[in-house]
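# Examination of the molecular architecture
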Amino acid sequence: MRAYGIALRAPRCDAAGFPASTMIGRKMLSLGTLRGYCRTDYVVRAEDVLQTLRVARCHPEFDLWLEARGERRWAYVTAENPRSFRQSAEENQLRQRDLRNRLDAENRRWRPAESVGWDGDWPPENGALVLGIEPAEAMSLGRDFEQFAVLVGELAGPATLAFPFFDEALPALRQALTSADPSLHWTARHALPPTGDA
């Protein structure tokens, strides 16, 4: 299958019947990894309150926190485990330090954050909730730190996934996700930004 001139194919299935991987150009995005992004809690340490953000969901309490600070847009970004390959704790610490230094150098407003998968198969990752950042800027930041996905949102809207390396293939990603796991049909339609293909 081809989408917007970018090759997309799922060569094998795992033991559960889930397509093992998706090839887009020269980059690999596991459909299991994509499903994992949708089944993760993104926990923000906002002063003395923990806010849990989830893909495709709205977060009224978090919106109040944003409004109180005059913010409308946000993004969750990590520098750990680039391209979804596990790195050592030491390497991840160095990468996360570089991300925080970059945010400080750009005078970004940010808060410490963490992503925690629901099934526990992937270790928690440290990240940053960046305030006042446009989706395109968040994707550029994710691309610089070799991240397959970043989480973006705005006031009163659902949190959505953005793909620094795969943005042109969103319709194909949505179709691949829902075909592989029908239980994620609703999430797939709401987790990915609108593309006008529906």
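Residues numbered from 1 in each chain as written. Predicted model: local features only at pLDDT ≥ 70, side-chain atom pairs only at ≥ 80, totals over all residues. Heavy atoms only, no water.

## Some thoughts on the packing of aromatic side chains
- Per the stated rule, a full pass over the model turns up four aromatic pairs.
- Taken together, a centroid distance of 5.7 Å and an interplanar angle of 90 degrees make the contact between Phe62 and Trp74 edge-to-face. Linking Phe62 in helix H2 (residues 60-68) with Trp74 in strand S7 (residues 73-77), this pair joins segments that are 12 residues apart in sequence. Side by side, Phe62 and Trp74 carry an identical accessibility label, which is buried.
- An angle of 90 degrees between the planes, with centres 6.4 Å apart, marks the rings of Phe148 and Phe165 as edge-to-face. Taken together, the positions of Phe148 in the loop between helix H4 (135-144) and strand S10 (150-154) and Phe165 in the loop between strand S11 (160-162) and helix H5 (170-180) put the pair 17 residues apart, joining distant regions of the chain. The same class applies to Phe148 as to Phe165, namely buried.
- Cluster of aromatic residues (ring-pair linked, three or more members): Phe62, Trp65 and Trp74. (Phe/Tyr/Trp six-rings, centres within 6.5 Å; stacked < 30°, edge-to-face > 60°. Helix = DSSP H or I, 4+ residues; strand = E, 2+ residues; numbered from the N terminus. Buried < 20%, exposed > 50% of the residue type's maximum accessible area, 1.4 Å probe, protein only.)

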